[in-house]
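What follows is the residue order along each chain.
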Amino acid sequence: MSTEKIRALIVDDEPLAREGVRLLLERDPEIEVVGEAADGNAALRSIRALHPQVVFLDIQMPGLDGIQVIDRLEGDVPPVVVFVTAHDQYAIRAFERSALDYVLKPFDDERFEKTLSRAKSQLRRHKAGELNRKLLQLLDHFRGEGAPSAQGGWSIESTEADGGRWLARLAIKSSGRIVFLKVEEIDWIGAADYYVELHVGGKAHLLREAMAKLETRLDPKRFLRIHRSAIVNVERVSEIRASAHGDCTVVLRDGVKLKLSRSRRDKLRQMVKAAS
């Protein structure tokens with residue numbers, strides 16, 4: 001990373017908790033604590049005013065809770081968000097919002113240092129993604145092919161369907177090259193930590209985008225989320241298998257087998273029938 005320090009914000013309604021996180025961060029010469037906030041509303045103001053690169057965010061606080069803070073920020077969410085909380089029941093909701101980590105109190109120094117190391121790695125990738133975005137903007141200028149989308153994968157153009165606009169192509173960085181991928185060529189999409197894997201003709205491409213966000217940008221007549229960790233192109237579905245225990249499996253034309261949630265079974269059958 002460059003010599004410029006990483007800007008960190010600490011949000012917690014407990015003064016001792018804020019002090020503990022601050023002391024741990026101040027050990028790292030790459031980190032600069034730019035501010036603290038004691039409630040959700042103050043967190044919103046601080047994030048918008050200070051533009052931190054990483055936020056250590058409590059969940060249960062007066063006013064807005066940590067989840068609501070992220071939701072209110074919408075497109076202004078910092079590159080890295082780490083939830084630090086004594087409550088484990090919010091973990092799924094936190095990761096649905098692309099949180100880097102979910103640290104349970106009380107934690108030891110080693111646990112925090114591992115999280116901080118991951119945060120710095122994430123910021124390196126974010127910085128690389130910003131450079132790639134600028135490169136694609138330059139490519140778009142010369143090619144006249146649209147504008148980049150957020151978070152490391154880029155929408156080069158879109159198609160209209162039912163009054164909405166859906167992704168038609170993506171630009172993916174692969175082995176130092178920019179690969180232009182037609183969305184209709186995707187066989188299925190799998191969750192991969194803080195990325196998604198786009199499976200195309202037996203090859204996999206990583207895209208830095210949350211599964212839930214990508215799902216909203218795909219044509220719902222072609223793609224269906226069949227499980228929390230998988231989206232399929234219904235045109236690639238060969239069969240749907242049900243076991244004696246009621247579990248379901250989707251088999252794609254290339255033989256790949258994916259778990260199918262019971263709640264999505266009827267919807268997938270309808271879509272496959274319509275596509276055939």
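Since the structure is predicted, the reported quantities are computational estimates derived from the model, not experimental observations.

Basis of the calculations
Residues numbered from 1 in each chain as written. Predicted model: local features only at pLDDT ≥ 70, side-chain atom pairs only at ≥ 80, totals over all residues. Heavy atoms only, no water. Helix = DSSP H or I, 4+ residues; strand = E, 2+ residues; numbered from the N terminus. Contact = heavy atoms within 4.5 Å. Areas by Shrake-Rupley, 256 points an atom, 1.4 Å probe, with all protein chains shown as cover. Buried < 20%, exposed > 50% of the residue type's maximum accessible area, 1.4 Å probe, protein only. Pairing = 2+ DSSP bridges. Core = buried A, V, L, I, M, F, W, Y, C linked by side-chain atoms within 4.5 Å. Axes fitted to C-alpha atoms, helices over the stretch in contact; angles between N-to-C directions.

S.K.: How should the overall build of the protein chain be read in this particular structure?
M.R.: Assigned secondary structure in the protein chain consists of seven helices and 16 strands. Here the analysis covers contacts within the protein chain between residues at least 6 apart in sequence; of these, 50% occur between residues at least 24 apart. Accessible area for the protein chain stands at about 14,800 Å²; split by element, carbon and sulfur atoms hold 48% of it.

S.K.: Would you take a moment to explain the environment of L100 for this structure?
M.R.: Positionally, L100 belongs in the loop between α4 (91–96) and β5 (101–104). Taking relative accessible area as the criterion, L100 reaches 2% and is therefore assigned buried. Taking the C-alpha atoms as reference, L100 lies 10.0 Å from L116; in sequence the two are 16 residues apart. In this view, L100 contacts V80, V81, V82, F95, T115, R118, A119, Q122 and Y194; residues no more than four positions away in its chain are not counted.

S.K.: Would you mind showing me how to read the pairing of strand β15 (residues 248–252) here?
M.R.: Every other side chain in a regular strand lies on the same face of the sheet, so the side chains alternate between the two faces. The buried count for β15 comes to four of five residues, which makes it a mostly enclosed element. Looking at chain direction, strand β14 (residues 237–242) and β15 are connected through five bridges and run antiparallel. Bridge pairing in β15 links I240 to V250. Across four bridges, β15 lies against strand β16 (residues 257–260) in antiparallel orientation. Counted as the bridge partner of T249 is K259 from β16.

S.K.: Before we go on, may I ask you to explain the nonpolar core in this structure?
M.R.: If you look at soluble globular proteins, the nonpolar side chains tend to sit buried side by side. Formed by 23 residues in total, the largest nonpolar core has its most connected members in V11, L57, V69, F83 and Y102. The residues contacting F83, other than those within four sequence positions of it, are L57, D58, I59, G66, I67, I70, A94, A99, D101, Y102 and V103.

S.K.: Honestly, the sheet that holds β15 in this entry has me stumped. Any pointers?
M.R.: Hydrogen bonds along the backbone pair up the strands of a sheet, which may run parallel or antiparallel. The three strands are arranged β14-β15-β16 in an open sheet whose pairing can be described as antiparallel. Pairing within the sheet leaves two strands with one partner each, and these edge strands are β14 and β16. Averaged over all neighbouring strand pairs, the angle between strand axes comes to 25 degrees, with direction disregarded.

S.K.: Where do I start with the sheet that holds strand β11 (residues 203–207) in this structure?
M.R.: Taken in spatial order, the five strands line up as β11-β10-β9-β13-β12 in an open sheet, and their pairing is antiparallel. The two strands at the open ends of the sheet, each matched to only one other strand, are β11 and β12 (223–227). Neighbour-to-neighbour, the strand axes of this sheet turn through a mean angle of 25 degrees, independent of strand direction. In this sheet, strand β13 (residues 230–233) lies alongside strand β9 (residues 188–192) in antiparallel orientation, the contact comprising three bridges.

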